[in-house]
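Given next are the chains, with one letter for each unit.
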Amino acid sequence: MTEIKSDVLKELIQGQSSPCVSIYMSTQAVHQGEFKKLEIRFKNLLQEIEAELESKWGFKERKINKFLEKAFSLTKDIDFWQKQKEGLAVFISANKFKYLRLSSDTFDQIDVNSNFNLKQLISDLQKQNRYYLLALSPNYNQLYELSKTDIQAIELQNSPASMEAFLNIDNGAAEKQQSINTAGGKTVFHGQGGASDDDNQDLIRYLKEIDKVINLKLKNSDQYLIVAASDNVFSLYKEINNYAKLLEKNLSGNAKQMSKKELREKSWHLVESKFNHYLQELKTKYLELKPKNKTANDLEKIVKSAPYSKIETLMLNKRAEKKGVFIQAKNEIKVLNNKKDYDLYNFAVLETLKNGGQVYSLKKEKMPENEDIIAIYRYQ
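Residues numbered from 1 in each chain as written. Predicted model: local features only at pLDDT ≥ 70, side-chain atom pairs only at ≥ 80, totals over all residues. Heavy atoms only, no water.

**Student:** Just checking my understanding: could you explain helix H10 (residues 231–240) for this structure?
**Tutor:** The α-helix advances 3.6 residues per turn, and as a result positions three or four apart in sequence lie on the same side. Within the span of H10, buried status applies to Val233, Phe234, Tyr237 and Ile240. Projected down its long axis, H10 shows its buried positions confined to an angular sector of 130°, all on one face. (Buried < 20%, exposed > 50% of the residue type's maximum accessible area, 1.4 Å probe, protein only. Helix = DSSP H or I, 4+ residues; strand = E, 2+ residues; numbered from the N terminus. Arc of directions from axis to C-beta.)

**Student:** So what exactly am I meant to see when it comes to the nonpolar core here?
**Tutor:** Side chains of a nonpolar character, in soluble globular proteins, are inclined to be buried together. Counting 36 residues, the largest nonpolar core has Phe91, Leu118, Leu121, Ile302, Leu314 and Ile373 as its most contacted members. For this core, the leading source of residues is helix H13 (residues 344–354), giving 6 residues. Domain assignment of the residues forming this core places at least three in each of domain 1 (1–128) and domain 3 (293–379). In this structure, Phe91 is in contact with Leu12, Val21, Ser22, Tyr24, Lys96, Phe97, Lys98, Leu100, Phe116, Asn117, Leu118 and Leu121, ignoring residues within four places of it in sequence. (Core = buried A, V, L, I, M, F, W, Y, C linked by side-chain atoms within 4.5 Å. Domains from an automatic or database assignment. Contact = heavy atoms within 4.5 Å.)

**Student:** I tried to follow the environment of Leu247 on my own but got confused; where do I start?
**Tutor:** If you trace the backbone, Leu247 turns up in the loop between H10 and strand S10 (251–252). Not counting the four nearest positions on each side in its chain, Leu247 is found in contact with Tyr224, Leu225, Ile226, Phe234, Leu270, Val271 and Lys274.

**Student:** Mind showing me how you'd approach the side chain of Ser26 here?
**Tutor:** Locating Ser26 in the fold gives a position in strand S2 (residues 20–26). A relative accessible area of 15% means that Ser26 is categorised as buried. The residues touching Ser26, leaving out its near neighbours within four places in the chain, are Leu38, Arg41, Glu86, Gly87, Thr106 and Asp108.

**Student:** Whenever I open this one, the pairing of strand S17 (residues 373–377) confuses me. Can you help?
**Tutor:** Taken residue by residue, a regular strand's side chains alternate between the two faces of the sheet. Taken across its 5 residues, S17 has 5 buried, putting it largely inside the fold. Here S17 shows no split at all, with Ile373, Ala375 and Tyr377 on one side and Ile374 and Ile376 on the other all buried. Where strand S12 (residues 311–317) meets S17, 5 bridges bridge the pair, whose relative direction is antiparallel. Within S17, the residue paired with Leu316 across the bridge is Ile373. (Pairing = 2+ DSSP bridges.)

**Student:** Explain the environment of Lys56 to me, please; I cannot follow it from the model alone.
**Tutor:** Summarising the element assignment, Lys56 is placed in the loop between helix H2 (35–55) and helix H3 (61–67). Classification of Lys56 as partly exposed rests on a relative accessible area of 46%.

This is the structure:
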């Protein structure tokens, strides 16, 4: 069972082979232990797909059975159903079979088309709002990737295990150079009358090495980074930090003594408002740019703009749907009423993502001006 991350999204966008089957299903019944109910509902969705593959794609029974074999095997897997969260997404094509646990509220939906339908998947990626946490002290460091509901340790190659290891000094010398007072969750370096310049310089050298490793690991990321460290260590680290999205406030205390659950919960309280504030900023930006003709709220205009890298940000109602085909050579949209028709909202999503734009799939009531889709353009 794969967790949804941006690399999974990219994988589903690329290398698709028609037909592409997308299945979304609410699995909230797992919380009441209604596993049989989930199995039956999933089987019913597969039967709907069977009918579409036969009527629209001309699949015969033998071909349908082979195409959906792995999906039907899940209906009998009680362990599979016991491990569900809030929703389930399944993607099937001739060369791909992938299923994902979703943390966000999901509605039942099937789609059999030339591309995978990713609208609800993006909702889940947004809800996860992934970020990083660096647990940092003179004798310990560890990087984590987190969401509101998940925390995973990340291995850092060439990262010094501690300041002592980095300086290559023996235990006796280390004890003379520094002692650590963890009272009140703070780390204090002292000799005669406080930390010496040598002590601080050694610590800064160690922190610079950590910073170099972190930036190498996160060079292609734009997620927030929280540092879990004593206030003294953090004040030094933020002065030498080179990662652009370092949070200005640290998680104060001895991170090594905190459980993963405690790290996740406490760090989420620090970063949650950042995610909410960012989405509100985008809505405000849309309203400010609207009079300047740098936005759109018309599906047809947006569909025609998406393949040309014009869209910087796309927001859409995840339940909105309209079938048709964009004929790029003629720059027009037609409804063919056959298997070639696809969801034009999903087309706008795929093309925006392919061209490096940001996509936000929201509930209708959270959309700017109650629209079904809006775009912020890179250029007029």
